[in-house]
Amino acid sequence: MESMAIADRLRAEFPDTILHTYTHQGQTAVVVRPGRIVDILRWLRETDGIRMNHLRSLCGVDNAGRQEQGLSRFEVVYNLYSVSLRHEIRVRAAVDDGEAGIDSVVELWSGADWLERETYDLLGIRFNNHPDLRRVLLPDDWVGYPLRKDYPLRGAEEWSGMTELLAKVKELDQYGFDPQGHAPGQAAPSREDSP
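Residues numbered from 1 in each chain as written. Predicted model: local features only at pLDDT ≥ 70, side-chain atom pairs only at ≥ 80, totals over all residues. Heavy atoms only, no water.

(A) Broad picture of the overall build of the protein. Scanning the protein from N- to C-terminus turns up four helices and seven strands. Counting from the amino terminus, helix and strand elements in the protein follow one another as α-β-β-α-β-β-β-β-α-β-α. If you take every contact in the protein between residues at least 6 apart in sequence, the share linking residues at least 24 apart comes to 50%. Surface summary for the protein: the accessible area is close to 12100 Å², and the carbon and sulfur share equals 49%. (Helix = DSSP H or I, 4+ residues; strand = E, 2+ residues; numbered from the N terminus. Contact = heavy atoms within 4.5 Å. Areas by Shrake-Rupley, 256 points an atom, 1.4 Å probe, with all protein chains shown as cover.)

(B) Expanded view of the pattern of salt bridges. Inspection of every chain in the model, using the stated rule, returns 12 salt bridges. Of the charged contacts, one joins Arg92 and Glu75 as a salt bridge, the two residues approaching to 2.6 Å between their closest N and O atoms. Of this pair, Arg92 sits in strand β5 (residues 88-95) while Glu75 sits in strand β4 (residues 74-81), placing them 17 residues apart in sequence. With its nearest N and O atoms 2.5 Å apart, the salt bridge here joins Asp121 to Arg135. Placement of Asp121 in helix α3 (residues 112-123) and of Arg135 in the loop between β7 (127-128) and α4 (160-172) is noted, with a sequence separation of 14 residues between them. No difference in accessibility class separates Asp121 from Arg135, as the two residues are buried. (Salt bridge = Lys/Arg side-chain N within 4 Å of Asp/Glu carboxyl O. Buried < 20%, exposed > 50% of the residue type's maximum accessible area, 1.4 Å probe, protein only.)

(C) Representation of the packing of helix α1 (residues 3-13) against helix α2 (residues 37-46). Here α1 crosses α2 at 130°, and the two axes come no closer than 11 Å. Accordingly, the angle class assigned to the pair α1 and α2 is oblique. Every pair of crossing elements has a handedness; the one defined by α1 and α2 is right-handed. Here Ile6, Arg9, Leu10 and Glu13 of α1 come into contact with α2, specifically with Ile40, Trp43 and Leu44. Considered class by class, the residues forming the contact of α1 with α2 number five nonpolar, no polar and two charged. (Axes fitted to C-alpha atoms, helices over the stretch in contact; angles between N-to-C directions. Parallel < 35°, antiparallel > 145°, perpendicular 65-115°, else oblique. Left-handed = near helix turned anticlockwise from the far one by under 90°. Nonpolar A, V, L, I, M, F, W, Y, C, P; charged D, E, K, R; others polar.)

(D) Geometry of α3. In this model, α3 (12 residues) spans 16 Å end to end at C-alpha, consistent with the 16 Å of a helix rising 1.5 Å per residue. Buried residues dominate α3, accounting for nine of its 12 residues. Those residues of α3 not exposed but buried are Ala112, Asp113, Glu116, Arg117, Thr119, Tyr120, Asp121, Leu122 and Leu123. Where α3 is buried, its residues touch β3 (54-62), β4 and β7. Looking at the residues trailing α3, positive phi occurs at Gly124, about 80°. (Expected span 1.5 Å × (residues − 1).)

(E) Broad picture of the nonpolar core. Leu41, Leu44, Tyr78 and Leu80 are the most contacted members of the largest nonpolar core, which has 34 residues in total. Looking at this core, the elements with two or more residues in it are α1, β2 (27-32), α2, β3, β4, β5 and α3. No other element matches α2, which puts six residues into this core. (Core = buried A, V, L, I, M, F, W, Y, C linked by side-chain atoms within 4.5 Å.)

(F) Representation of the pairing of β4 in the model. When you tally the buried positions in β4, you get eight out of eight residues, the bulk of the element. Looking at chain direction, β3 and β4 are connected through eight bridges and run antiparallel. Counterpart to His54 in the pairing with β4 is Tyr81. Looking at chain direction, β4 and β5 are connected through eight bridges and run antiparallel. Looking at β5, one finds that Tyr78 is bridged to Val91. (Pairing = 2+ DSSP bridges.)

Structure below.
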């Protein structure tokens, strides 16, 4: 089935939830309100003739600076694929407030677990009813969300864990660890000596 035909069926099934459909460079996307995201994705997964049984990817987007174009501050993007029917569609859920968040889809695809955690970790978008929503890439004491557009390129102070890490590196230096594999006491070659 063509992706736009799937989008049309989705619009007929959820008329008050679909905000916009479009095709860009051969990829069809449907922009939806976040309130019924689990229902929408379950319908796409379980409806005969559509069967979007594979969650290819899930990520977050910060639209800061593009809100005058009518975009919400955040979006969660779901790229779905039907393995048996070989068609695909992109669903973009508009999320105005990352703290209020959007419902988790782990109940539909267990693989969404880490993807939602990564999106939370880097953008601060909460996934309601997630079984274990906590940071997955950054340390627990990290402040802020590095993929937000308003995140400073360099903070006022260094992350506290960095000073501890540098102290540990200095302590381990006495054992001659070299990530390049040089023997203890052997100087690393200079750039001029490198091939």
